[in-house]
Amino acid sequence: MSHTPQSPSSASPPESSAPTGTTSTRPTLPTHSRTAKDVLAELAAMRSRDARWHDGRTFSLVYHDTDEHLQLLRDAYTMFLAENALNPMAFPSLRRMETDVVSMCAGILGGDDEVVGSMTSGGTESLFLAMKTYRDQARKERPHITAPEVVLPTTAHPALIKSAHYLGVKVVLVPPGPDFRADVAAMERAITPQTLFLVGSAPAYPHGVVDRITELSDLALSRSLPLHVDACVGGFLLPFVRKLGFPVPPFDFAVPGVTSMSADLHKYGFAAKGASTVMYRTAALRRHQFYVYSGWPGGLFGSATVLGTRPGGAIAAAWASLTALGHEGYLRIAGIIMKTTRAFIDGITAIPDLYVLGQPDCGVFAYASRELDLMAIADQMEERGWHIDRQQLPTAIHLTITPTHAAIVERYLGDLRDSVAYVAEHPELSSQGAAAMYGMLMHIPDPSMVDEFILSNFDSLYRP
Ligand SMILES: Cc1ncc(COP(=O)(O)O)c(C=O)c1O
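Residues numbered from 1 in each chain as written. Predicted model: local features only at pLDDT ≥ 70, side-chain atom pairs only at ≥ 80, totals over all residues. Heavy atoms only, no water.

Visitor: Quick question: what am I supposed to make of the sheet that holds strand β4 (residues 195-201) here?
Guide: What links the strands of a sheet is backbone hydrogen bonding, and the strands pair in either a parallel or an antiparallel sense. The seven strands are arranged β1-β7-β6-β5-β4-β2-β3 in an open sheet whose pairing can be described as mixed. Since the sheet does not close on itself, it has two edges, and those belong to β1 (116-120) and β3 (170-174), each with one partner. Neighbour to neighbour, the strand axes of the sheet diverge by 20 degrees on average, direction disregarded. When strand β6 (residues 260-264) meets strand β7 (residues 276-280), the two strands line up antiparallel, connected through five bridges. Counted as the bridge partner of Ser 260 is Tyr 280 from β7. (Pairing = 2+ DSSP bridges. Helix = DSSP H or I, 4+ residues; strand = E, 2+ residues; numbered from the N terminus. Axes fitted to C-alpha atoms, helices over the stretch in contact; angles between N-to-C directions.)

Next comes the structure, spelled out in structure tokens:
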């Protein structure tokens, strides 16, 4: 949870056309047109309170390589800003880019020429589509499944749980082993005749460790079950980390039981936002992903993914990112990330109270505290200008390292040492600020009360 309520903007559009007689202070559509200069100036002003990702102050929200690369993404995106990938016949350029992108991804993820896939708007959509594919495959090929289930480690991304919720699939959650990797024996015990498929992550977001994909593959093959590997976060990093000589456990299509994968272009693919891939070992499997409806007066309807209209810009920017960086660029980036991650981990573990959870496989990891209140430390870090990703079960601070962070390691570690020392001297901080809120939420025994808190928070966040 990294959402906190913000006070509403004081800016309101000039000369609004609010119905007369009302006292509403809601922003409404301006009566008169405004100049582009005026509008852009207001947009620029609105950014002033945003998180300072360009200074390396955020972790996980923005994946930035160089300003030159960002400019390429902008140019490619705007070139195809108006085009719509809804109709692959109208824009053969986008169809070509999409099939190129999927093919390049499959290539770096151990896929052969049979592997097919789609570009999607992000990891969530990729996971949703994988879940829909297995549900619909079972409807056709395993009709005994009437109450479908999916077995996944508790560390798997909640987008899977959300997808299962939307698609009427029961989630069977299995805690990982003490090293935070999937507990394959426990997952085996969780399989029932209603199981649709198994899930492993490469890596799982919370602790940055790759699940035991080879063992999960053996299990899946022995039980004739599909296996999805969620490489949303690691798909464009792990292959290059391995090439650099770091030990990366097998996780991709080279493992025989892996039937589908997701890999996000807008994370370590360094593409523009709104770009991910979902891939299947065979075209026959992907057919269950497509949706067709031939009875509509508006025409014969077919849709490859969840979205109808699909932004051409995201596809063009992803194609541009992959082709501009190439193996050479991704290797360079992976080298920077691994070196920077080492520097962070060494600095964090040199602070006596702190330790890293598990043995992270790439640039994603979390650290915890032995004695002190880590949420109070997080508050202190935020006071020093860092945007902190907080975790629970166990309480931890999460870092997602990108090239932007190479320049700020020492500043972060200095602030962390100061924050730890300050919290050690001020135990009363546990009952103040966000630390108090997290402390309270993490000790509420009834999860529905925590859900209610999050709902109310969202309710107020999304008010004008
Ligand atoms: C492992 C993993 N899968 C899926 C997702 C969801 O991706 P998105 O936010 O692009 O929907 C994330 C996001 O962090 C992730 O870490």
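Right, picking up where we left off after that structure.
Visitor: Just checking my understanding: could you explain the domain arrangement of the protein chain for this structure?
Guide: Accessible area lost upon the coming together of the parts is a frequently used measure of interface size. Taken domain by domain, the protein chain consists of domain 1 (75-322) and domain 2 (326-448). Each of domain 1 and domain 2 has a C-alpha centre, and these two points are 29 Å apart. When residues of domain 1 are sorted by the area they lose upon contact with domain 2, Tyr 205, Phe 240 and Tyr 268 head the list and together hold 25% of the total. Linking domain 1 with domain 2 are one salt bridge. Asp 361 is paired through a salt bridge with Arg 181; the nearest N and O atoms lie 2.7 Å apart. Across the contact surface, domain 1 and domain 2 share ten residue pairs in polar contact (both at pLDDT 80 or more). Looking at the side of domain 1 that touches domain 2, the elements that each hand over two or more residues are α8 (238-243) and α10 (312-349). Take the side of domain 1 that touches domain 2: its biggest share by element is four residues, from α8. (Domains from an automatic or database assignment. Buried area = accessible area lost by both parts, 1.4 Å probe. Salt bridge = Lys/Arg side-chain N within 4 Å of Asp/Glu carboxyl O. Polar contact = N/O pair within 3.5 Å; in protein donor to acceptor, adjacent residues only side chain to side chain.)

Visitor: Just to check I follow, could you spell out the pairing of β7 for this structure?
Guide: In terms of residue burial, β7 counts as a mostly covered element, since five of its five residues are buried. Because side chains alternate across β7, one face comprises the buried residues Ser 276, Val 278 and Tyr 280, and the other comprises Thr 277 and Met 279, equally buried. One ladder, built from five bridges, connects β1 with β7; its direction is antiparallel. Among the inter-strand pairings, Thr 120 is bridged to a residue of β7, identified as Ser 276. (Buried < 20%, exposed > 50% of the residue type's maximum accessible area, 1.4 Å probe, protein only.)

Visitor: Explain the site of the ligand here, please?
Guide: Every residue close to the ligand is listed here: Gly 122, Gly 123, Thr 124, Leu 127, His 157, Tyr 205, Asp 230, Cys 232, Val 233, Asp 264, His 266 and Lys 267. Asp 264 places a polar side-chain atom, nitrogen or oxygen, 3.4 Å from an oxygen atom of the ligand. Between the ligand and the protein, one listed contact pairs an oxygen atom with a side-chain N or O atom of Lys 267 at 2.8 Å. Here the ligand loses 83% of its free accessible area of 390 Å² to cover by the protein chains. Its residues placed into classes, the shell around the ligand shows four nonpolar, five polar and three charged. (Near = heavy atom within 4 Å. Areas by Shrake-Rupley, 256 points an atom, 1.4 Å probe, with all protein chains shown as cover. Nonpolar A, V, L, I, M, F, W, Y, C, P; charged D, E, K, R; others polar.)

Visitor: Before we go on, may I ask you to explain the nonpolar core in this structure?
Guide: Buried together is how nonpolar side chains tend to be arranged in soluble globular proteins. Ranked by size, the top nonpolar core spans 94 residues in total, and within it Leu 265, Met 279, Phe 344, Ile 348, Tyr 367, Tyr 412 and Leu 416 carry the most contacts. Looking at this core element by element, the count peaks at 13 residues for α10. A domain-level breakdown of this core finds at least three residues from each of domain 1 (75-322) and domain 2 (326-448). The contacts of Ile 348, once residues within four sequence positions are left out, are Leu 354, Val 356, Phe 365, Tyr 367, Leu 399, Leu 413 and Leu 416. Listed in part, the 22 residues of the second largest apolar core include Ala 156, Leu 167, Val 199 and Tyr 280. (Core = buried A, V, L, I, M, F, W, Y, C linked by side-chain atoms within 4.5 Å. Contact = heavy atoms within 4.5 Å.)

Visitor: Would you take a moment to explain helix α12 (residues 409-425) for this structure?
Guide: Between its first and last C-alpha atoms α12 spans 24 Å; for 17 residues at 1.5 Å apiece the expected length is 24 Å, and the two agree. Taken as a whole, α12 has its buried residues at Val 409, Tyr 412, Leu 413, Gly 414, Asp 415, Leu 416, Ser 419, Val 420 and Val 423. Lining the buried residues of α12 we find α10, β10 (354-356), β11 (364-369), α11 (374-383) and β13 (396-400). (Expected span 1.5 Å × (residues − 1).)

Visitor: Sorry if this is basic, but what is going on with the state of the cysteines here?
Guide: Covalent bonding between the sulfur atoms of two cysteines defines a disulfide. For the structure shown, the criterion picks out zero disulfides. Left unpaired, Cys 105 is separated from the closest cysteine sulfur, that of Cys 232, by 11 Å. (Disulfide = S-S within 2.5 Å.)

Visitor: When you look at the sheet that holds β13 in this model, what are you seeing that I'm missing?
Guide: Taken in spatial order, the four strands of this open sheet run β10-β11-β13-β12, and their pairing is antiparallel. Both edges of this open sheet fall to β10 and β12 (389-391), since each of them pairs with a single strand only. Ignoring strand direction, the axes of neighbouring strands in this sheet form an average angle of 35 degrees. Looking at chain direction, β10 and β11 are connected through three bridges and run antiparallel. Across the sheet, residue Tyr 355 finds its bridge partner in β11, namely Ala 368. Most of the contacts of α11 go to β12, to which it runs at about 175 degrees, and overall it touches β10, β11, β12 and β13.

Visitor: Mind showing me how you'd approach the pattern of salt bridges here?
Guide: Going through the model one piece at a time under the given rule, you end up with 20 salt bridges. Arg 181 is the salt-bridge partner of Asp 179, the closest N and O atoms lying 3.9 Å from each other. Since its relative accessible area comes to 27%, Asp 179 is described here as partly exposed. Accessibility expressed as a relative area gives 14% for Arg 181, which makes it buried. In this structure, Lys 267 and Asp 264 form a salt bridge, with 2.4 Å as the shortest nitrogen-oxygen distance. Residues joined in a network through salt bridges with shared partners are Asp 179, Arg 181, Arg 212, Glu 215 and Asp 361.

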